[in-house]
Amino acid sequence: MIIDGLQCGYFDRDVFERLKQGNVHCVTPTLGFWEGTVPSLESIVRWRDLARENADLVGIATSAAQIESLAAQGKVAIVLGFQNATLLEGHIGFVELFADLGVRVIQLTYNNQNDLGGSCYEAEDSGLARYGKEVIREMNRCGVLVDLSHVGNRTSREAIEWSERPVAITHANPDEVYPHRRNKTTDVLHALRDHGGIIGCAAYRNIAGDEFCKTVDKWCELVARTVDIVGIDHVGIGTDKSHNTTQRDLDWMRKGHWTRGTDFGAGSAARPGKAPPPDWFKSVEDLGAVEPALARAGFSPAEVDQITHGNWLRVYRAVMG
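Residues numbered from 1 in each chain as written. Predicted model: local features only at pLDDT ≥ 70, side-chain atom pairs only at ≥ 80, totals over all residues. Heavy atoms only, no water.

Visitor: Requested: an account of the overall build of the protein chain, with residues and values cited.
Guide: In terms of helices and strands, the protein chain carries 12 helices and 11 strands. Seen through its principal axes, the protein chain has C-alpha atoms that stretch 45 × 40 × 40 Å. Taken over 321 residues, the protein chain has a buried fraction of 58%. Taking the contacts inside the protein chain whose residues are at least 6 apart along the sequence as the reference set, 72% of them involve residues at least 24 apart. Split by element, the accessible area of the protein chain, about 12,400 Å² in all, is 49% carbon and sulfur. Counting 34 positive and 43 negative side-chain charges, the protein chain places the centres of these two groups 2 Å from one another. (Helix = DSSP H or I, 4+ residues; strand = E, 2+ residues; numbered from the N terminus. Buried < 20%, exposed > 50% of the residue type's maximum accessible area, 1.4 Å probe, protein only. Contact = heavy atoms within 4.5 Å. Areas by Shrake-Rupley, 256 points an atom, 1.4 Å probe, with all protein chains shown as cover. Lys, Arg positive; Asp, Glu negative; His and termini not counted. Charge placed at Lys NZ, Arg CZ, Asp CG, Glu CD.)

Visitor: Summarise the packing of helix α3 (residues 64–72) against helix α12 (residues 301–320); cite the residues concerned and give the values.
Guide: Where α3 meets α12, the closest approach of the two axes is 8 Å, and the angle between their N-to-C directions is 135°. In terms of orientation, α3 and α12 fall into the oblique class. In this structure, α3 contributes A64, I67 and E68 to the contact, and α12 contributes L313, Y316 and R317. Here the residues of the contact of α3 with α12 are counted per class, giving four nonpolar, no polar and two charged. (Axes fitted to C-alpha atoms, helices over the stretch in contact; angles between N-to-C directions. Parallel < 35°, antiparallel > 145°, perpendicular 65-115°, else oblique. Nonpolar A, V, L, I, M, F, W, Y, C, P; charged D, E, K, R; others polar.)

Visitor: Got a sec to walk through the pairing of strand β9 (residues 198–201)? Specific residues and values, please.
Guide: Alternating positions in β9 separate into two faces, I198 and G200 on one and I199 and C201 on the other, with burial throughout. As paired elements, strand β8 (residues 168–172) and β9 share three bridges and run parallel to each other. By the bridge assignment for β9, I169 is matched with I199. Between the parallel elements β8 and β9, the chain passes through helix α7 (residues 186–194) in a crossover that is right-handed. Bridge count for β9 against strand β10 (residues 235–237) is three bridges, and the pairing is parallel. (Pairing = 2+ DSSP bridges. Right-handed = clockwise from strand over helix to strand, strands pointing away.)

Visitor: Break down the side chain of N173 for me, citing the residues and quoting the values.
Guide: Structurally, N173 is set in the loop between β8 and α7. Side-chain polar atoms of N173 contact the backbone oxygen of I207, separated by 3.1 Å. With residues up to four places along the chain from it excluded, the contact list for N173 reads N183, K184, I199, C201, A202, I207, A208 and L222. (Polar contact = N/O pair within 3.5 Å; in protein donor to acceptor, adjacent residues only side chain to side chain.)

Visitor: Please set out helix α1 (residues 13–21) residue by residue, giving values where relevant.
Guide: Residues of α1 that are buried: V15, F16 and L19. Buried residues of α1, seen end-on, are gathered within an arc of 100° and therefore sit on one face of the element. In this structure, the buried residues of α1 make contact with β1 (2–9), β2 (24–29), α2 (37–53), β3 (58–60), β4 (76–78) and β11 (241–243). (Arc of directions from axis to C-beta.)

Visitor: Just give me the short version of the state of the cysteines, but keep the residues and values in it.
Guide: Going through the model one piece at a time under the given rule, you end up with zero disulfides. The closest cysteine sulfur to the non-disulfide-bonded C8 is located on C213, 15 Å from its own sulfur. Take C8: its relative accessible area is 4%, and that puts it in the buried class. (Disulfide = S-S within 2.5 Å.)

Visitor: Please give an account of the nonpolar core that cites residues and values.
Guide: Core analysis: the biggest nonpolar cluster contains 75 residues, and F16, L19, L108, L148, W219 and V290 have the highest contact counts within it. The element that contributes the greatest number of residues to this core is helix α9 (residues 216–230), accounting for nine residues. (Core = buried A, V, L, I, M, F, W, Y, C linked by side-chain atoms within 4.5 Å.)

Visitor: Which residues make up helix α5 (residues 130–142), and what values go with them?
Guide: Side chains three or four residues apart in an α-helix point the same way, a direct result of the helix having 3.6 residues per turn. With 13 residues, α5 extends 19 Å from end C-alpha to end C-alpha; this agrees with the ideal 18 Å at 1.5 Å per step. Contacts from the buried residues of α5 go to α4 (94–100), β6 (103–107), β7 (145–147) and α6 (153–162). Two residues or fewer past α5, G143 is found with a positive phi of approximately 75°. (Expected span 1.5 Å × (residues − 1).)

Visitor: Can you lay out the layout of surface pockets for me, pointing to particular residues and giving the numbers?
Guide: Of the volumes computed, that of the largest pocket is approximately 560 Å³. Sorting the residues of the lining of the largest pocket by element identifies α2 and α10 (247–255) as the ones contributing at least two each. It is α2 that provides the largest number of residues to the lining of the largest pocket, a total of five residues. Here the lining of the largest pocket is built from residues that sort into 10 nonpolar, seven polar and three charged. Taken as a whole, the second largest pocket holds about 480 Å³ of empty space. When residues of the lining of the second largest pocket are traced back to their parent elements, those giving at least two are β11 and α10. (1 Å grid on protein atoms, 1.4 Å probe; cavity = no way out; pocket = protein on both sides within 12 Å on 5 of 7 lines; lining within 4 Å. Points joined across faces, edges and corners; volume = space filled by probe spheres on them.)

Here it is, written out as structure tokens:
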């Protein structure tokens, strides 16, 4: 069983079938990046319809027990998540409303600073705002996982310390292994470890690097080096795999409504477009190669289980129940 802490793009029956082929029995799709309340509600409606239309393959899960139940039925559990807090539009009460609709993961900020705190791309991270503290505690109360993947390092540290439940960096890598502003510094990762959280190692080329994208064994070397930093209990998988996206989708992710200019996101002027997938990870069913590769990297069967699903289930139980 594999739990992938973050994927994005357009899911359909073919993607669900490929997930099953890759032994992926739980995934958090991205329902929104910059959208406000109404478009976010529409996204939830689309996912509910999609789950009903493919009920023989998938189901929406709101707890660890539901994830395990769906996996036991041979289905893929869908954990609904957003990559920004813009869906709340400044309303603390909307955390509970979206939780009641099945949302179980919200990232505090995406690529820009917002009213909760600073992002990884700001020249200066302002830290966790008062409103950000209120939202985190409300997410704790309502069983919604705090995601810090695109959040600035200062805001990340403060969020980890403020949260009363474990938090997640669903899709990133250690900065000391592959330096990038989207990746997390060692002090943040140590704070994550000390407060019971988890990092999902990403396979997105721009933040994993060409070397770790050559083979599944090289990517598992990145995972092993992450374990060296945070410990075996705090590492999972969060590939950031994108399905059926176009340049227009990439532009929305990077620019939203906020700029008429050029923004490369995690890319650069040297690599401005859509990053090629890892050489070993052309399609999502290729994730089935991860478990034997982790064993080849020296992890015991119990440790492989922790990385592929056990650590995620621990955090999900602590947050969602």
